[in-house]
Amino acid sequence: MDKAEFDRELKQLDGYAEAGYFLALHIRFTSPMMFFQTYNKAWTDHYSENGYVLRDPMTAWSFSTTGTTRWSNPRIPDPFGIFEQAKTFGLKFGATISTGPILSRTVCSLARGDREFTDQEISEVHQLVKRLHAMCEPTQRLTKAQTEALKLIADGHRHAAAAAMLGISESALKVRLASARERLMARTTAEAVQRAKDFNLL
């Protein structure tokens with residue numbers, strides 16, 4: 001997985017989402033492997049403080065189906081009026097994309113303040129989200145060396161102890177951990193350990 005390529009693809013979302021976006025990649029047991037959002041802070045604070053994730057029509061829609069929809073879809077009920085509230089924060093028009101299997105679903109919602117998304121834009125974003133979903137899935141298993149290093153850290157061993165147990169230098173251990181983080185697209189070793197567990201790689 002090439003992080004620079006992933007970042008270039010992710011950056012393209014900015015061009016579509018004039019009022020920001022939300023992207024949760026590979027959601028497993030309600031937690032995404034990676035999460036990005038660029039909505040304005042006032043809206044995200046309001047959304048969080050009111051616990052809207054469980055009431056958001058797009059949450060239910062994205063886990064019941066895959067594909068694309070506009071927030072204005074009349075067939076999607078919004079009993080709590082979340083779409084109307086979003087409009088007061090500048091998120092007047094939106095679209096949501098859902099892709100991937102139910103046990104590893106990727107969801108992206110994006111918003112504009114000026115107009116509806118065109119069919120062409122939604123189609124382009126759908127393809128973009130599918131590429132991002134595929135790019136960050138660790139389809140390659142970790143190497144034996146990476147797995148051993150991560151497992152020792154996961155078991156609570158410090159770097160020096162883990163290196164001694166593997167019969168390698170501490171700097172060699174750090175190289176193995178760094179390569180595991182890169183493969184799993186994790187910022188920290190703890191994050192890499194959790195992702196490896198989530199994907200049954202440990």
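Everything numeric here is computed off the predicted structure, so don't read it as measured data.

Visitor: So what exactly am I meant to see when it comes to helix H5 (residues 119–135) here?
Guide: Residues three or four positions apart in an α-helix share a direction because the helix packs 3.6 residues into each turn. The end-to-end C-alpha distance of H5 is 24 Å, a good match for the 24 Å that 17 residues give at a rise of 1.5 Å each. All of the buried residues in H5 are Glu 121, Ile 122, Val 125, His 126, Leu 128, Val 129, Leu 132, His 133 and Met 135. Those residues of H5 hidden inside the fold are in contact with helix H1 (3–16), strand E1 (21–28), strand E3 (67–70), strand E4 (93–99) and strand E5 (105–112).

Visitor: Teacher, can you tell me more about the pairing of E5 here?
Guide: A regular strand places its side chains on the two faces of the sheet in alternate fashion. Across the eight residues that make up E5, a large majority, eight, are buried. Strand direction decides the pairing type here: E1 and E5, joined by five bridges, are antiparallel. Residue pairing across strands places Phe 22 opposite Ser 109, the latter belonging to E5. Two strands pair when backbone bridges link them, and E4 and E5 are joined in this way by seven bridges, in the antiparallel orientation. Residue pairing across strands places Gly 94 opposite Ala 111, the latter belonging to E5.

Visitor: Quick question: what am I supposed to make of the state of the cysteines here?
Guide: Any covalent bond linking the sulfur atoms of two cysteines counts as a disulfide. Taken as a whole and assessed by the stated rule, the structure comprises zero disulfides. Here Cys 108 is not disulfide-linked; the sulfur of Cys 136 is the nearest cysteine sulfur, at 12 Å. With relative accessibility at 0%, the residue Cys 108 sits in the buried group. Judged by its relative accessible area of 3%, Cys 136 is buried.

Visitor: Would you explain the layout of surface pockets in this entry?
Guide: One simple way to see leftover space: roll a probe sized like a water molecule over the atoms. Estimated volume of the largest pocket: approximately 620 Å³. Lining the largest pocket are 26 residues, and of these Phe 22, Tyr 47, Val 53, Asp 56 and Thr 59 sit closest to its centre. One number sums up the size of the second largest pocket: a volume of about 230 Å³. Lining the second largest pocket we find 13 residues, and of these Lys 3, Met 34, Met 185, Ala 186 and Arg 187 sit closest to its centre. For the lining of the second largest pocket, the secondary-structure elements that each account for two or more residues are H1, strand E2 (31–37), helix H8 (170–184) and helix H9 (189–198). The residue makeup of the lining of the second largest pocket, split by class, is six nonpolar, no polar and seven charged.

Visitor: What's the story with the environment of Ala 134 in this structure? I'm lost.
Guide: Mapped onto the elements of the fold, Ala 134 is located in helix H5. Since its relative accessible area comes to 46%, Ala 134 is described here as partly exposed. Ala 134 sits 25 residues away from His 159 along the chain, and the two C-alpha atoms are 32 Å apart.

Visitor: What should I look at first to understand the pattern of salt bridges in this one?
Guide: As a working rule, side chains carrying opposite charge can pair if their charged atoms are close by. The tally for this structure, following the rule as stated, stands at 13 salt bridges. Of the charged contacts in the structure, one is a salt bridge between Lys 87 and Glu 84, with a shortest N-O distance of 3.1 Å. Of this pair, Lys 87 and Glu 84 both sit in helix H4 (residues 82–88), three residues apart, which is roughly one turn of that helix. Among the residues examined, Glu 84 registers a relative accessible area of 48% and is labelled partly exposed.

Visitor: In this structure, what is going on with the packing of aromatic side chains? I would like to understand it.
Guide: Two aromatic rings, taken as a pair, are described by how far apart their centres are and by the angle between their planes. Under the criterion given, the structure shown has six aromatic pairs. Summarising the aromatic geometry, the rings of Phe 6 and Phe 36 are spaced 6.0 Å apart at their centres and angled 40° between planes, so their arrangement reads as tilted. With Phe 6 in helix H1 and Phe 36 in strand E2, the pair connects residues that are 30 residues apart, well separated along the chain. Phe 6 gets classed as buried once you look at its relative accessible area, which sits at 1%. Measuring from centroid to centroid gives 5.3 Å for Trp 43 and Phe 89, while their planes differ by 55°, and the two rings are tilted. Here Trp 43 is found in helix H2 (residues 41–49), whereas its partner Phe 89 is found in the loop between H4 and E4, with 46 residues between them in sequence. Residue Trp 43 is classed as buried on the basis of its relative accessible area, which comes to 4%. Clustering of aromatic rings is evident, with ring pairs tying together Trp 43, Tyr 47, Tyr 52 and Phe 89.

Reading guide: rules and limits
- Residues numbered from 1 in each chain as written.
- Predicted model: local features only at pLDDT ≥ 70, side-chain atom pairs only at ≥ 80, totals over all residues.
- Heavy atoms only, no water.
- Helix = DSSP H or I, 4+ residues; strand = E, 2+ residues; numbered from the N terminus.
- Expected span 1.5 Å × (residues − 1).
- Buried < 20%, exposed > 50% of the residue type's maximum accessible area, 1.4 Å probe, protein only.
- Contact = heavy atoms within 4.5 Å.
- Pairing = 2+ DSSP bridges.
- Disulfide = S-S within 2.5 Å.
- 1 Å grid on protein atoms, 1.4 Å probe; cavity = no way out; pocket = protein on both sides within 12 Å on 5 of 7 lines; lining within 4 Å.
- Points joined across faces, edges and corners; volume = space filled by probe spheres on them.
- Nonpolar A, V, L, I, M, F, W, Y, C, P; charged D, E, K, R; others polar.
- Salt bridge = Lys/Arg side-chain N within 4 Å of Asp/Glu carboxyl O.
- Phe/Tyr/Trp six-rings, centres within 6.5 Å; stacked < 30°, edge-to-face > 60°.

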